[in-house]
Amino acid sequence: MSTPATQRTVKTACNRDCGDACSIVATVNDNRITRIAGDPDHPITKGFLCHRTSRFLERQYSPDRLSTPLVRTGNCFEPASWDSVLERISQSMLQFREESGPASIMHYRCGGSMGMMKLVTDYFFEKFGPVTTKTGDVCTGAGDSAQQLDFGTVDSHDIFDLLNSKTIILWGKNPYASQVHLLPVLRDAKKKGARLILIDPVHHQTVQLCDQFVQPRPGGDAALALGIACWLFQNRKVAASVESYCDNVDDFKSLACSRTIKQWAELADVTPSQVTLIAEACSDGPAAIIAGWGMQRRANGAATVRAIDALAAVSGNIGVPGGGVSYCFARKRAFDYSFLKGEAVAPRTIPEPLFGPGILAANDPPIRMVWVTAGNPVVMLPESETVKQALKTRDLTIVVDSFLTDTAQCADIVLPTTTMLEEDDLLGAYGHHWLAEMRPVIPAPELVKSDYEIVQALAPLVGLAADFSDDVETWKRRMLYAGQNKGASLDDIRHGPVRSPTAPAVMFADRKFPTESGRVNLISEVDTTPSSVTPDRPLLLTSLATASVQGSQWLDGTQDDHLPATVHPDSAAGFNSDDVVKLESAHGELTVRLKLEANQRRDIVLVPKGGWLNKGRCANALIKAQTTDAGDCAVYYDTAVRIVPQR
Ligand SMILES: Nc1nc2c(c(=O)[nH]1)N[C@H]1C(S)=C(S)[C@@H](COP(=O)(O)OP(=O)(O)OC[C@H]3O[C@@H](n4cnc5c(=O)[nH]c(N)nc54)[C@H](O)[C@@H]3O)O[C@H]1N2
Ligand SMILES: Nc1nc2c(c(=O)[nH]1)N[C@H]1C(S)=C(S)[C@@H](COP(=O)(O)OP(=O)(O)OC[C@H]3O[C@@H](n4cnc5c(=O)[nH]c(N)nc54)[C@H](O)[C@@H]3O)O[C@H]1N2
Ligand SMILES: [Mo]
């Protein structure tokens, strides 16, 4: 077959909320993208894309995609011109600022795009206000604050340093669903002789890759970590030099030895021999811990990660090749975004998990306007109905999205925006250290604007023309200025994948830590109470990422049935697989279709995250808005529910 004359390929990168930040090769025929594939030249992408992004063209060309601004009239939306909506928005913004101060406006941005240009939208609101913003992070906030406190910074060992590990502990992680490009590295490590241990209350696909699987009680991880530490202290397997790079060693020892190994094992609901197994692996290192984020989306989430950090430190696995507690990669570190001051200058902040109740409770001044960028908070934040009410009762709610999501349906004005294949941006990754440039594969539809084009169009109407007149290329060069002489300039990145020049292969190789004392701050007190259920509501609602969907971005026709809910057969006595039942929490209810799986724990019920509220599939309708012990993460997985028959 001959190649059509108009066919071309364009390289760009995937900006979706995922650690992999893949390099994409798109094929374009007559201005229509006909194929997207993983870039074979990218060391992490390795020529393949994940399940969800390989189907992105269905989203790109979905008939539901928004192609014009929409304005609410009663219960309907009517198409409107950009000029008219920008005029109305700018007038309102000036009025709210004048009458009630800039804190009466809230800008909320979430994970629709990981692009660095999204920070320029934040900057627009900072320049105009500063306005009310969120604090914390519903995704990783608790663990971030834990590692900041323990190590003074949050970053990871190079992904290929796993090839130096004798043991790799996947502590609550399902890369088959959430980070498929980690899998080739794990397989290579195994080929080199590494042993893989998975610690996860949920039985999932990653079990098959691992040599050992430990299935603790949900939220039992701090107890498990302390049990392992207890074994290390009792068996004199603590690193000899531990006092030289850790603070609070005696306190941590007292904490770990405050119970017996058997007691810790009971609290974590594992066997003492499983504690010993992991302890031996830690003492016979190097052992790398890959800490997933699920376990910190619990009431004691920050303390849990701190207990694991301390365990790694005392076992001598910090600062050594093949070791470390890799939780997040500092994806923004290579960029200069010092133009943005963020929380430091915000007149008021609302913890992200409390978005709904926080907006409703705010007075002095009340929040009159909310602008949502790249998020679907009605579906993704706890207390969906409260979020919905909060958005619907403002004087003006603006949502920028490519689809009429549950959140957009609460807006007064919806602004249509570009998809990732039309975006012009820069990316770092939170699962490895490579940097990438995004280039528009095709131009956006006529009336669709990128987030940056939207603030650029609005800026002159609110007196900010000069601050937002630069083109994207100029912003990119500005943000990559620091990498100019280190091989990470825009021109370098345009040439091919570039590893962030400032990222070390091994974290803290000199065992110096950017904490106040220069040493690891070992945790000395911890609430080890695991997540609890009641006799009345015996199951913990566990709403996790699934391979085929990014967040709430379901493809057409994939939500026609009830939400699937997986439980152990004993936990659904009297019911069969495929039965339609209700899940009830203290907060709400959801109709689900049961799936019975004997390899699950008896105290959890598993559902996909991101189901839409308007399809009756939203787990967050059952979850109360609550913050974790630190870092303002959301307590997503501690909601107790029961199964009741469909009435
Ligand atoms: N396909 C797909 N990929 C995604 C996403 C998506 O929606 N779809 N979302 C992206 C986003 S936003 C993020 S943050 C990441 C998700 O990143 P993560 O949240 O880390 O996702 P998982 O890899 O599923 O790992 C979470 C694991 O934690 C486990 N877990 C839950 N509670 C506990 C606990 O108490 N203890 C222990 N040990 N484990 C526990 C869960 O069973 C699950 O296996 O993935 C990204 N990738
Ligand atoms: N119950 C439960 N809830 C959860 C989780 C869970 O595990 N359980 N996980 C949590 C986690 S880890 C996260 S990170 C959050 C994610 O929460 P969100 O980031 O709110 O999730 P998404 O569904 O991906 O919504 C992103 C929206 O941004 C839009 N979008 C994409 N690109 C752009 C763009 O360039 N500009 C604009 N303006 N919009 C764009 C998409 O169309 C989509 O509607 O959800 C959290 N919610
Ligand atoms: Mo996330």
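Conventions and cut-offs
Residues numbered from 1 in each chain as written. Chains lettered and ligands numbered in written order. Predicted model: local features only at pLDDT ≥ 70, side-chain atom pairs only at ≥ 80, totals over all residues. Heavy atoms only, no water. Helix = DSSP H or I, 4+ residues; strand = E, 2+ residues; numbered from the N terminus. Rg over C-alpha atoms; globule rule 2.2 N^0.38 Å. Buried < 20%, exposed > 50% of the residue type's maximum accessible area, 1.4 Å probe, protein only. Contact = heavy atoms within 4.5 Å. Lys, Arg positive; Asp, Glu negative; His and termini not counted. Charge placed at Lys NZ, Arg CZ, Asp CG, Glu CD. Axes fitted to C-alpha atoms, helices over the stretch in contact; angles between N-to-C directions. Parallel < 35°, antiparallel > 145°, perpendicular 65-115°, else oblique. Left-handed = near helix turned anticlockwise from the far one by under 90°. Nonpolar A, V, L, I, M, F, W, Y, C, P; charged D, E, K, R; others polar. Near = heavy atom within 4 Å. Polar contact = N/O pair within 3.5 Å; in protein donor to acceptor, adjacent residues only side chain to side chain. Areas by Shrake-Rupley, 256 points an atom, 1.4 Å probe, with all protein chains shown as cover. Domains from an automatic or database assignment. Phe/Tyr/Trp six-rings, centres within 6.5 Å; stacked < 30°, edge-to-face > 60°. Lys NZ or Arg CZ within 6 Å of the ring centre and 35° of its normal. Core = buried A, V, L, I, M, F, W, Y, C linked by side-chain atoms within 4.5 Å. Pairing = 2+ DSSP bridges. Patch = residues over 30% accessible without salt bridge, like charges linked within 9 Å, V, L, I, M, F, W, Y side chains within 5 Å. Salt bridge = Lys/Arg side-chain N within 4 Å of Asp/Glu carboxyl O.

### Thoughts on the overall build of the protein
Across its full length, the protein holds 19 helices and 27 strands. Over its C-alpha trace the protein gives a radius of gyration of 25 Å, about what one expects of a compact globule, namely 26 Å for 647 residues. In terms of overall dimensions, the protein has C-alpha extents of about 70 × 65 × 65 Å along its principal axes. Looking at the protein as a whole, 59% of its 647 residues are labelled buried. Pairs at least 24 apart in sequence give 76% of the contacts found in the protein among residues at least 6 apart. A distance of 3 Å separates the average location of the 65 positive side-chain charges in the protein from that of its 75 negative side-chain charges.

### Description of the packing of helix α3 (residues 82–100) against helix α17 (residues 451–458)
Running from N to C, α3 and α17 point in directions that differ by 70 degrees, and their axes come no closer than 10 Å. Comparing their axes, α17 and α3 come out roughly perpendicular. Note on packing geometry: the crossing formed by α3 with α17 is right-handed. Residues Trp-82, Leu-86, Ile-89, Ser-90 and Met-93 of α3 lie in contact with α17, whose contacting residues are Ile-454, Ala-457 and Leu-458. Class assignment of the residues belonging to the contact of α3 with α17 gives a composition of seven nonpolar, one polar and no charged.

### Brief notes about the site of ligand 1
Taken together, 33 residues lie around ligand 1, and Ser-178, Asp-200, Asp-221, Arg-298 and Val-549 are the ones closest in. One nitrogen or oxygen atom from the main chain of Ile-199 is found 3.2 Å from a nitrogen atom belonging to ligand 1. In the model, an oxygen atom of ligand 1 is placed 2.6 Å from a nitrogen or oxygen of the Asp-200 side chain. Coverage of ligand 1 by the protein chains reaches 97% of its 890 Å² of free accessible surface. Here the shell around ligand 1 is composed, by residue class, of 15 nonpolar, ten polar and eight charged. Split by domain, the shell around ligand 1 shows at least three residues from each of two domains, domain 2 (141–330 + 507–521) and domain 3 (539–645).

### Some words on the site of ligand 2
Taken together, 28 residues are adjacent to ligand 2, and Met-380, Asp-401, Asp-451, Ser-552 and Tyr-637 come closest. Within the side chain of Ser-552, one N or O atom sits 2.4 Å away from an oxygen atom of ligand 2. Within the side chain of Gln-553, one N or O atom sits 2.9 Å away from an oxygen atom of ligand 2. Relative to its unbound accessible area of 910 Å², ligand 2 is 96% covered by the protein chains. In terms of domain composition, the shell around ligand 2 takes at least three residues from each of domain 1 (70–131 + 335–427 + 434–499) and domain 3 (539–645).

### Quick notes on the packing of aromatic side chains
Any aromatic ring pair is given by two values, namely how distant the centres are and how the planes are angled relative to each other. Per the counting criterion, the structure on display carries 17 aromatic pairs. When the centroid spacing of 6.1 Å and the interplanar angle of 85 degrees are considered together, the rings of Trp-293 and Tyr-327 count as edge-to-face. Of the two residues, Trp-293 is situated in the loop between β12 (287–291) and α13 (301–314) and Tyr-327 in the loop between β13 (325–326) and β14 (349–351); the sequence distance between them amounts to 34 residues. Here the two residues Trp-293 and Tyr-327 agree in accessibility, since each one is buried. Every member of this aromatic cluster is reached through a ring pair, and the members are Tyr-123, Phe-124, Phe-125, Phe-339, Trp-371, Tyr-452, Phe-468 and Trp-475. For Arg-97, the ring lying beneath its charged end belongs to Phe-128, and the centroid distance is 4.1 Å.

### Looking at the domain arrangement of the protein
Each assigned domain of the protein is listed with its residue range as follows: domain 1 (70–131 + 335–427 + 434–499), domain 2 (141–330 + 507–521) and domain 3 (539–645). Its C-alpha centre places domain 1 at a distance of 37 Å from the equivalent point of domain 2.

### Details of the packing of helix α8 (residues 221–234) against helix α10 (residues 249–256)
The interhelical angle for the contact between α8 and α10, taken along N-to-C directions, is 110 degrees, at an axis separation of 8 Å. As far as their axial angle goes, α10 and α8 are roughly perpendicular. When α8 is examined against α10, the residues Leu-226, Ala-229, Cys-230 and Phe-233 are found in contact with a partner set consisting of Phe-252, Lys-253, Leu-255 and Ala-256. Looking at the contact of α8 with α10 residue by residue, the classes come out as seven nonpolar, no polar and one charged.

### Overview of the nonpolar core
With 83 residues, the main nonpolar core has Ile-33, Ile-36, Trp-171, Leu-224, Ile-228, Phe-252 and Leu-522 as its most contacted residues. Among the elements that line this core, the one with the most residues is α8, at eleven residues. Ile-36 has contacts with Ile-24, Val-25, Ala-26, Leu-49, Thr-53, Ser-54, Phe-56, Leu-57 and Leu-421, leaving out every residue within four places of it along the chain.

### With respect to the sheet that holds strand β17 (residues 413–416)
Hydrogen bonds between backbone atoms are what pair the strands of a sheet, whose relative direction is either parallel or antiparallel. One open sheet accounts for six strands, arranged β5-β4-β17-β16-β15-β6; its pairing is mixed. Lying at the two open borders of the sheet, with one neighbouring strand each, are β5 (76–79) and β6 (105–109). Strand-to-strand twist across the sheet, computed as the mean angle between neighbouring axes with direction ignored, equals 20 degrees. Pairing analysis gives five bridges linking strand β15 (residues 369–373) to strand β16 (residues 396–401), with the strands arranged parallel. Bridge pairing in β16 places Thr-373 opposite Val-400. Against the sheet, α3 engages β4 (70–73), β6, β15, β16 and β17, with an angle of about 125 degrees to β17.

### Quick word on the sheet that holds strand β18 (residues 425–427)
The strand order across the open sheet formed by three strands is β18-β19-β20, and the pairing between neighbours is antiparallel. The open sheet terminates on both sides in strands that have one partner only, identified here as β18 and β20 (498–499).

### Things to note about the environment of Ile-623
Secondary-structure assignment places Ile-623 in the loop between β26 (604–608) and β27 (640–645). Expressed as a C-alpha distance, the spacing of Ile-623 and Pro-382, which sit 241 residues apart in the sequence, is 5.3 Å.

### So, a negative patch on the surface
Together, Glu-243, Asp-250, Asp-251 and Glu-525 make up a region of like negative charge exposed at the surface. Tracing the sequence through the fold places Glu-525 in the loop between β21 (520–521) and β22 (539–544). Take Glu-525: its relative accessible area is 70%, and that puts it in the exposed class.

### Some remarks on the side chain of Asn-317
Position of Asn-317 relative to the elements: it lies in the loop between α13 and β13. Among all residues touching Asn-317, those that are not within four sequence positions of it are Cys-282, Gly-285, Pro-286, Ala-287, Ala-312, Gly-323 and Gly-324.

### A closer look at the environment of Trp-231
Position of Trp-231 relative to the elements: it lies in helix α8. Separated by 222 residues in the primary sequence, Trp-231 and Thr-9 have C-alpha atoms spaced 57 Å apart. Look past the residues within four positions of Trp-231 in its chain and what remains in contact with it is Lys-237, Ile-261, Thr-276, Ala-279, Glu-280 and Ser-283.

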